[in-house]
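Analysis of the macromolecular model
Residue-level listing of the chains:
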Amino acid sequence: MPSMVSLLPTTRCEAVEGRTIRVDLADTDWDNLGFGLVPTDYMYVMKCTQNGTFTEGKLQPYGPVELSPSSGVLNYGQGLFEGLKAYRKEDGSILLFRPEENALRMKSGAERMCMPSPTVEQFVDAVKLTVLANKHWVPPVGKGSLYIRPLLIGSGPILGLAPAPEYTFLIFVSPVGNYFKEGLAPINLIVETDFHRATPGGTGGVKTIGNYASVLKAQAIAKAKGYSDVLYLDSVHKKYVEEVSSCNIFIVKGNVISTPELLGTILPGITRKSIIQVARNQGYQVDERLVSVDDLLDADEVFCTGTAVVLSPVGSITYHGKRVEYGHRGVGVVSQKLYCALTDLQKGITEDNMGWTMELN
Ligand SMILES: Cc1ncc(COP(=O)(O)O)c(C=O)c1O
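In the annotation of an unreviewed UniProt entry, the entry for the protein reads Branched-chain-amino-acid aminotransferase, and the organism field reads Dioscorea cayennensis subsp. rotundata. UniProt's Sequence similarities (unreviewed entry) comment on the protein is quoted here verbatim: "Belongs to the class-IV pyridoxal-phosphate-dependent aminotransferase family."

Pasting the structure below:
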């Protein structure tokens, strides 16, 4: 297959339990991966016509796509995306984490946005194919993961406000390291009291592209003041915590872990769902409920979850100029325990009794 970038893999040898494993890797600076785009070799493209069926998806070199100026996505924001990761196991093989959950979330988002969507099987097969075609870009153990970005867009031309006549499902990938510049150190959040991310009846509960451009302003203001990101409140009472721009939030008080319930205004995170299960398995009580700002400021520990951020401890929250610190700048015991339990599962270090990981050969 043709390529757009340097394809020459370097061979890296990893010593695993006395054996030497050969892993062929692309030529990039594996020690300094952040969460920036590193173009890889192939992307996957599948089109769907008016009868709503996706057919004949294929890999092609990663590069620009042709789009009509009057496409539904460019004019009316008819688009969804997903995010999941592939991890390198110590034996050199590759693991996906719950890809069918992303397929299901894309399906329900597509329903909300009046778009047809690939079947779960089509979605998962396409993810597997794309990762395998780019397997030299899956970072070695300890250096990061391969971030997988599926997109579903209204690619057909339309002028009057209506669903587009044609859709494109596309997947590209990029090796990534830590999402926040703090790495795994606790992040500092500010509670946003002016801007809102979502409203009841809106699209906050689906991963539509428009939800993200609208948070850039609040995020930019917060970052300019030195905060890592913004924590949004509900737009009706301006009192209940919702989520961060790209992750869900949890608070810990004693042996009880709480997270905002899913009422349509926050994204049903797959990491959120997984952490709830992992925490319950470890004997914690986990409540999905309304979490007020007072609950948040009174918590013992706070952490965020998401595919990109994994589990990120929160070191401080600022609300109306008042700063509350958690864990004395260290990582809380519960956050640390859950982080290890989740990442050990994702990387195949502990046995997966839940059937959450999918091994690629
Ligand atoms: C707004 C928002 N909330 C939460 C999440 C976390 O979801 P997940 O754990 O599925 O990555 C994401 C990231 O996808 C997000 O964009």
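1. Description of the overall build of the protein
Per the secondary structure count, the protein includes 8 helices and 19 strands. Taking 361 residues into account, the globule formula puts the C-alpha radius of gyration at 21 Å, and the protein, at 21 Å, falls close to it. C-alpha extents for the protein along the principal axes are approximately 65 × 55 × 40 Å. Taken across its 361 residues, the protein has 52% of its residues classed as buried.

2. Remarks on the layout of surface pockets
Taken as a whole, the largest pocket holds about 500 Å³ of empty space. The wall of the largest pocket is formed by 28 residues, among which Phe81, Tyr147, Lys207, Tyr212 and Ser246 lie closest to the centre. When contributions to the lining of the largest pocket are tallied by element, the ones reaching two or more residues are β8 (145-154), α5 (216-224), α6 (270-281) and β16 (301-306). If you tally residues by element for the lining of the largest pocket, the top one is α6, at 3 residues. Residue composition of the lining of the largest pocket, grouped by class: 12 nonpolar, 10 polar and 6 charged. Reported here for the second largest pocket is a volume of approximately 350 Å³.

3. Side note on helix α3 (residues 120-133)
Counted at 1.5 Å a residue, the expected span for α3 with its 14 residues is 20 Å, and the 20 Å between its end C-alpha atoms agrees. Among all positions of α3, only Phe123, Val124, Ala126, Val127, Thr130, Val131 and Ala133 are buried.

4. A word on helix α8 (residues 333-346)
Along its 14 residues, α8 runs 20 Å from first to last C-alpha, staying within 8% of the 20 Å computed at 1.5 Å per residue. For α8, the complete set of buried residues consists of Val334, Ser335, Leu338, Tyr339, Ala341, Leu342, Thr343, Leu345 and Gln346. Of the residues trailing α8, glycine 348 is marked for its positive phi of about 75°.

5. Digging into empty space enclosed by the protein
Going through the model one piece at a time under the given rule, you end up with 3 cavities of 30 Å³ or more. The computed volume of the largest cavity comes to approximately 100 Å³. Residues that form the lining of the largest cavity fall into these classes: 4 nonpolar, 5 polar and 1 charged.

6. What about the pattern of salt bridges?
The tally for this structure, following the rule as stated, stands at 12 salt bridges. Between arginine 98 and glutamate 101 there is a salt bridge, with its nearest N and O atoms 3.7 Å apart. Taken as a pair, arginine 98 and glutamate 101 share a single burial class, namely buried. Counted as one network, the salt bridges with shared partners bring together Arg98, Glu101 and Lys273.

7. So, the nonpolar core
Counting 39 residues, the largest nonpolar core has Val127, Val131, Ile148, Leu152 and Phe169 as its most contacted members. In terms of residues, this core owes the most to one element, α3, which gives 6 residues. Apart from residues lying up to four places away in sequence, phenylalanine 169 is in contact with Tyr44, Val45, Met46, Phe54, Met106, Pro118, Phe123, Ala126, Pro150, Leu151 and Leu152. Ranked by size, the runner-up nonpolar core spans 23 residues in total, among them Val191, Val241, Ile249 and Val293.

Cut-offs and rules
- Residues numbered from 1 in each chain as written.
- Predicted model: local features only at pLDDT ≥ 70, side-chain atom pairs only at ≥ 80, totals over all residues.
- Heavy atoms only, no water.
- UniProt positions renumbered as here; feature names shortened; annotations may be inferred.
- Helix = DSSP H or I, 4+ residues; strand = E, 2+ residues; numbered from the N terminus.
- Rg over C-alpha atoms; globule rule 2.2 N^0.38 Å.
- Buried < 20%, exposed > 50% of the residue type's maximum accessible area, 1.4 Å probe, protein only.
- 1 Å grid on protein atoms, 1.4 Å probe; cavity = no way out; pocket = protein on both sides within 12 Å on 5 of 7 lines; lining within 4 Å.
- Points joined across faces, edges and corners; volume = space filled by probe spheres on them.
- Nonpolar A, V, L, I, M, F, W, Y, C, P; charged D, E, K, R; others polar.
- Expected span 1.5 Å × (residues − 1).
- Salt bridge = Lys/Arg side-chain N within 4 Å of Asp/Glu carboxyl O.
- Core = buried A, V, L, I, M, F, W, Y, C linked by side-chain atoms within 4.5 Å.
- Contact = heavy atoms within 4.5 Å.

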